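Per-entry structural report
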Amino acid sequence: MSRPMRADARRNYERLLVEARALFEEQGPEAPLEDVARRAEVGIGTLYRHFPTRHALQEAVYREQIEALAEEAYELAERTDPADALVRWMRLMMTHAVTKRGLNTALMATLGRESELFATCRNTIRAAADALLTRAKASGAVRKDLEAGDLLHLVHGISVATERSPEGADRMIAFVIEGLRPRGDQDTP
């Protein structure tokens, strides 16, 4: 059984994650670890105590981002109109997909698609999408035959299609949202 982190160790861990996330976004997942430590205002030894390898740091950043996206979905579901919550979350997912592509690619190359990390993250995101969809369906905002996997595939497709022109992503999401709305008594195409 592992002991809980001391308060100072926890702060260092969190600062390292924040700075690694920022550097990975700016420079890609191969950003120098020395720069991560410097920006977090800790020594390289502290970085390696928390994250013994670059890969461990990349995994922690990725997992933290997925957990934040899921938490945002649940918060939106609680405090926002169901249709608006779904649209806002899709936009957050798009931002994540576009800005984190390099990190995802690096982890996929070392871990493979069926790794524990990706399986856990897929389940986390799918559950969050299900929570939003359940409310959106109940409110009549989206078709009843829409599933979380469909929604996630749509967001992924838009992120790939707009990779070189991200300014078009919002327009594409608007088209998709319009297509997800129910049409009269028809719930299926």
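Residues numbered from 1 in each chain as written. Predicted model: local features only at pLDDT ≥ 70, side-chain atom pairs only at ≥ 80, totals over all residues. Heavy atoms only, no water.

**A look at the overall build of the chain**
Within the chain, the regular secondary structure consists of nine helices and zero strands. N-terminal to C-terminal, the α/β element order of the chain is α-α-α-α-α-α-α-α-α. Over its C-alpha atoms, taken along the principal directions, the chain stretches across nearly 60 × 40 × 30 Å. Carbon and sulfur atoms form 52% of the exposed surface of the chain, whose accessible area is close to 10600 Å². Distance between charge centres in the chain, computed from 27 positive and 30 negative side chains, equals 2 Å. (Helix = DSSP H or I, 4+ residues; strand = E, 2+ residues; numbered from the N terminus. Areas by Shrake-Rupley, 256 points an atom, 1.4 Å probe, with all protein chains shown as cover. Lys, Arg positive; Asp, Glu negative; His and termini not counted. Charge placed at Lys NZ, Arg CZ, Asp CG, Glu CD.)

**Concerning the packing of helix α5 (residues 82-99) against helix α8 (residues 148-161)**
For the pair α5 and α8, interaxial distance at closest approach is 9 Å and the crossing angle is 50°. If you check the angle between α5 and α8, you find them oblique. Note that α5 runs across α8; the crossing there is right-handed. In contact with L86, W89, M90, M93, M94, A97 and V98 of α5, α8 contributes L151, L152, V155, I158 and S159. The class makeup of the residues in the contact of α5 with α8 is 11 nonpolar, one polar and no charged. (Axes fitted to C-alpha atoms, helices over the stretch in contact; angles between N-to-C directions. Parallel < 35°, antiparallel > 145°, perpendicular 65-115°, else oblique. Left-handed = near helix turned anticlockwise from the far one by under 90°. Contact = heavy atoms within 4.5 Å. Nonpolar A, V, L, I, M, F, W, Y, C, P; charged D, E, K, R; others polar.)

**Overview of the nonpolar core**
A general trend in soluble globular proteins is that nonpolar side chains are found buried together. Counting 55 residues, the largest nonpolar core has L57, Y62, L86, W89, M90, L132 and L151 as its most contacted members. Mapped onto this core, the elements with two or more residues apiece are α1 (7-27), α2 (33-40), α4 (54-79), α5, α6 (101-111), α7 (116-138), α8 and α9 (169-180). Per element, the largest residue contribution to this core is 10 residues, and it comes from α4. Other than its neighbours up to four places away in sequence, L132 contacts A73, L76, A77, A85, L86 and W89. (Core = buried A, V, L, I, M, F, W, Y, C linked by side-chain atoms within 4.5 Å. Buried < 20%, exposed > 50% of the residue type's maximum accessible area, 1.4 Å probe, protein only.)

**Points about the pattern of salt bridges**
Summed over the entire model, instances satisfying the criterion amount to 16 salt bridges. Taking the shortest distance from any N to any O, the salt bridge between R10 and E14 comes out at 3.2 Å. Highlighted residues: R10 and E14, both in helix α1, separated by four residues, approximately one helical turn. Residue E14 is classed as partly exposed on the basis of its relative accessible area, which comes to 39%. Of the charged contacts in the structure, one is a salt bridge between R88 and D84, with a shortest N-O distance of 3.6 Å. Of this pair, R88 and D84 are both found in helix α5, four residues apart, which corresponds to roughly one turn of the helix. (Salt bridge = Lys/Arg side-chain N within 4 Å of Asp/Glu carboxyl O.)

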